[in-house]
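# Survey of secondary and tertiary structure
Given next are the chains, with one letter for each unit.
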Amino acid sequence: MFPSNPTHATGVQMRLIGWAIALAAAGLTPAAAQAPASSPVTNGAAAVAPAAATAAPATAPAANAPIVYGSVGHAIPKEGIGMPIPDAIGIQPQVTHLGERAAHFHNFWLMWTISIISVFVLVLLAWTMFRYRRGANPTPSRNSHNTVIEVIWTLVPVLILLAIALPSISLLRAQYSPPPADVTVKITGHQWYWSYEYPDYGVSFDSNILKEKGDPTLKPGDRYRDDRDGPPLLAADERMVIPAGKTVKFIITADDVIHSFAVPAFWTKLDANPGQLNETWVKVDADKTGVYFGQCSELCGARHGFMPINVEVVTPAQFSQWIASKGGKLPGAKPATGPDSTAASPTSTAATPAAAEPAPAQAATANASKPAATNQAATAQN
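Read on for an overview of the structure. Everything numeric in this text was worked out from a predicted model, so none of it was measured. (Residues numbered from 1 in each chain as written. Predicted model: local features only at pLDDT ≥ 70, side-chain atom pairs only at ≥ 80, totals over all residues. Heavy atoms only, no water.)

Okay, the pairing of strand E1 (residues 183–190) next. Of all the eight residues making up E1, seven are buried; the element is thus mostly covered by neighbouring parts of the structure. Note: E1 against strand E5 (residues 248–254), seven bridges, orientation parallel. Directly across from Thr 184, in E5, lies its bridge partner Lys 249. As defined by bridge partners, E1 adjoins strand E2 (residues 193–198) across five bridges and the pair is classed as antiparallel. (Buried < 20%, exposed > 50% of the residue type's maximum accessible area, 1.4 Å probe, protein only. Helix = DSSP H or I, 4+ residues; strand = E, 2+ residues; numbered from the N terminus. Pairing = 2+ DSSP bridges.)

So this is what it looks like as structure tokens:
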């Protein structure tokens, strides 16, 4: 019934064959869709899924646990300590030996030096304006050189610069020559929050600003700032916790744009550059536990002013407690002792005394094969 044209006939046959293949594939589709239902692997995954779903609610309350102010990680800041003070001037009180050196250098050496220079120049200008005014000197002096004065105004600036440079170089050397670290924290800046990681303890988390209670962008159920969290724009939902009296190394980087990690009370300010690791360190005095605040100090985008830094300094014992509460592991801690695979199994342990007890010849003959079977089971387990 095909046309006489062979080429046309071949085309019709190919279309018919294509339709037949399509119908066959459509007929097999339900069977293919039902195949996973009978697969033992899929059943195993389905069996695991309810277990995971059942276990999920058990961990949910921990994430929504109420905040216990005064506990480790939620200490109540002290007014005026580690935070800016309204209408105050000067440097925040320092809580590290390095910061105390730097503050002393600034407050006493630099400030006195520049104050003396400023007063001397002001007096010299005033005296020159009065002594050499036109009314007192109608005929100006023709002197063009004075060897003594030229030597003085050359040597004195050099001596002043040396007096500033030597302590500065010593301070910089101490700042960039860290001692061996007791704790390492990797700090990553994002737009616009911070991430903290304790690689030696297996702890990591993000830190975001706490919004005000009346903030229109606050989502229902979200935590908002309390005065016990810290000042406005400086309180964060998660704090970095470090031990007092221990050397803490900060490895600072970023994953998008340049940020700057700055905590004024630590004398710490270092850029966080994408693709680059910068390093600094801090050792807070053992008696200076508390909460210290900082901010991103590099313009990093629209919400640059909403990247607070909260560091809580605690005792070493409290730090270990905090690590455990975060699910971390202390370095050097021995893992839980598991069963010894080379030890005898319970079956063989139970069977050994029975074999050792005197028994009639019939019982010994009946149980002669049991130790061999037990040994095979222990060998299989090993």
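Next comes the rest of the description.
Let us look at the environment of Ala 324. Looking at where Ala 324 falls in the secondary structure, it is placed in helix H5 (residues 316–325). Take Ala 324: its relative accessible area is 54%, and that puts it in the exposed class. Considered as a pair, Ala 324 and Tyr 201 are 123 residues apart in the sequence and their alpha carbons are 9.2 Å apart.

A few words on the sheet that holds strand E8 (residues 278–282). Here five strands make up an open sheet; going across it, the order is E3-E2-E1-E5-E8 and the pairing mixed. Unpaired on one side and paired on the other, strand E3 (203–207) and E8 mark the two borders of the sheet. Recorded for the sheet is a direction-independent mean angle of 20° between the axes of neighbouring strands. As defined by bridge partners, E5 adjoins E8 across five bridges and the pair is classed as antiparallel. Bridge pairing in E8 links Ile 252 to Asn 278. Packed onto the sheet, H5 meets E1, E2 and E3 and runs at close to 85° relative to E3. (Axes fitted to C-alpha atoms, helices over the stretch in contact; angles between N-to-C directions. Contact = heavy atoms within 4.5 Å.)

For the rest of this paragraph, the subject is the pattern of salt bridges. The final tally for this structure, using the stated rule, is eight salt bridges. The shortest N-O distance in the salt bridge between Glu 212 and Arg 225 comes to 2.6 Å. Placement of the pair is Glu 212 in the loop between E3 and strand E4 (240–243) and Arg 225 in the loop between E3 and E4, with a sequence separation of 13 residues. The exposure class assigned to Glu 212 is partly exposed, which follows from its relative accessible area of 31%. Among the ionic pairs, Asp 285 bridges to Lys 288, the shortest N-O distance being 3.7 Å. Salt bridges sharing partners connect three or more residues here, namely Glu 100, Asp 285 and Lys 288. (Salt bridge = Lys/Arg side-chain N within 4 Å of Asp/Glu carboxyl O.)

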